[in-house]
Amino acid sequence: MTREDFAPGSQMPLSGIPAETVAAERRRRGEVQISPGVWMPVLGLGTFKIRGEDATRATYDALQSGCRHIDTASCYRNETEIRLGIDLWLMSERSEERVHEDKVEEEIPIGQSPS
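Residues numbered from 1 in each chain as written. Predicted model: local features only at pLDDT ≥ 70, side-chain atom pairs only at ≥ 80, totals over all residues. Heavy atoms only, no water.

In this structure, what is going on with the overall build of the protein chain? I would like to understand it.
The helix and strand inventory of the protein chain stands at four helices and four strands. Split into buried and exposed, the 115 residues of the protein chain put 26% on the buried side. Of the contacts formed within the protein chain by residues at least 6 apart in sequence, a portion of 47% connects residues at least 24 apart. Split by element, the accessible area of the protein chain, about 8300 Å² in all, is 53% carbon and sulfur. (Helix = DSSP H or I, 4+ residues; strand = E, 2+ residues; numbered from the N terminus. Buried < 20%, exposed > 50% of the residue type's maximum accessible area, 1.4 Å probe, protein only. Contact = heavy atoms within 4.5 Å. Areas by Shrake-Rupley, 256 points an atom, 1.4 Å probe, with all protein chains shown as cover.)

It is not clear to me how a nonpolar patch on the surface should be interpreted in this structure. Could you clarify?
On the surface, Val-32, Ile-34 and Val-42 cluster together to form a nonpolar patch covering roughly 260 Å² of accessible area. Mapped onto the fold, Val-32 is located in strand 1 (residues 31–35). (Patch = residues over 30% accessible without salt bridge, like charges linked within 9 Å, V, L, I, M, F, W, Y side chains within 5 Å. Salt bridge = Lys/Arg side-chain N within 4 Å of Asp/Glu carboxyl O.)

Help me understand the pairing of strand 2 (residues 38–41), please; the structure alone is not making it clear to me.
Residues in a regular strand point their side chains to alternate faces of the sheet. Pairing of strand 1 with strand 2 involves four bridges; the strand directions are antiparallel. Along strand 2, the bridge assignment pairs Glu-31 with Pro-41. The turn linking strand 1 back onto strand 2 is made up of two residues, and Gly-37 within it adopts a positive phi angle of 80°. (Pairing = 2+ DSSP bridges.)

Just to check I follow, could you spell out the packing of helix 2 (residues 52–64) against helix 3 (residues 79–91) for this structure?
Packed helices, taken two at a time, are described by their axes: the angle between them and the distance between them. Packing of helix 2 against helix 3 leaves a shortest axis separation of 7 Å and a crossing angle of 40°. One finds that helix 2 runs oblique with respect to helix 3. Read as a crossing pair, helix 2 and helix 3 show a hand that is right-handed. Contacts between helix 2 and helix 3 pair Gly-52, Ala-55, Thr-56, Thr-59, Tyr-60, Leu-63 and Gln-64 from the former with Glu-81, Ile-82, Leu-84, Gly-85, Ile-86, Leu-88 and Trp-89 from the latter. A per-class count over the contact of helix 2 with helix 3 returns eight nonpolar, five polar and one charged. (Axes fitted to C-alpha atoms, helices over the stretch in contact; angles between N-to-C directions. Parallel < 35°, antiparallel > 145°, perpendicular 65-115°, else oblique. Left-handed = near helix turned anticlockwise from the far one by under 90°. Nonpolar A, V, L, I, M, F, W, Y, C, P; charged D, E, K, R; others polar.)

What is the right way to look at the confidence of the model for the protein chain in this model?
If pLDDT is low for a region, its predicted coordinates should not be looked at in detail. Across the protein chain, the average pLDDT comes to 77, with 67% of residues at 70 or higher. Model confidence for the protein chain, summarised as mean pLDDT per element, is weakest for helix 4 (residues 95–101) at 54 and strongest for helix 2 at 95. Within the model, pLDDT remains below 50 along residues 105–115, and this stretch shows five contacts once partners closer than five positions in the same chain are excluded. (pLDDT = per-residue confidence, 0-100.)

Even after reading the chapter, I still don't get the pattern of salt bridges, so can you show me in this structure?
If you walk through the whole model with that rule in mind, you get five salt bridges. Of the charged contacts in the structure, one is a salt bridge between Glu-31 and Arg-29, with a shortest N-O distance of 2.9 Å. Residue Arg-29 is classed as partly exposed on the basis of its relative accessible area, which comes to 27%. In this structure, the salt-bridge partner of Asp-61 is Arg-57, at a minimum N-O distance of 3.1 Å. Pair noted here: Asp-61 and Arg-57 are both in helix 2, with a separation of four residues, about one helical turn. Residue Asp-61 is classed as partly exposed on the basis of its relative accessible area, which comes to 33%. Residue Arg-57 is classed as partly exposed on the basis of its relative accessible area, which comes to 47%. Through salt bridges that share partners, Arg-26, Arg-29 and Glu-31 make up one connected network.

Here it is as structure tokens:
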């Protein structure tokens, strides 16, 4: 079994792997099930009140360390800096491997549920 056997955010396991096996692997990786078929990392980066280069560096460092949950909100007014940290991480060495390991999911507008 490899990382590619588990699609982040997916409701169904890849390659016919039993759902129980997928759930066990996700728990091992530090994820919790927040509703049927929807998983979320337990640990995340909070970005409230960080600005400028600190926000960019914190975001980049968190992604480099394996963090896959970044808490953001437009009222934090640091979207540009957070995005720069994400962009730097995506363009960094080995980013091709990381993008395939951890697929970036589309944003789900508030009030809508995933399809």
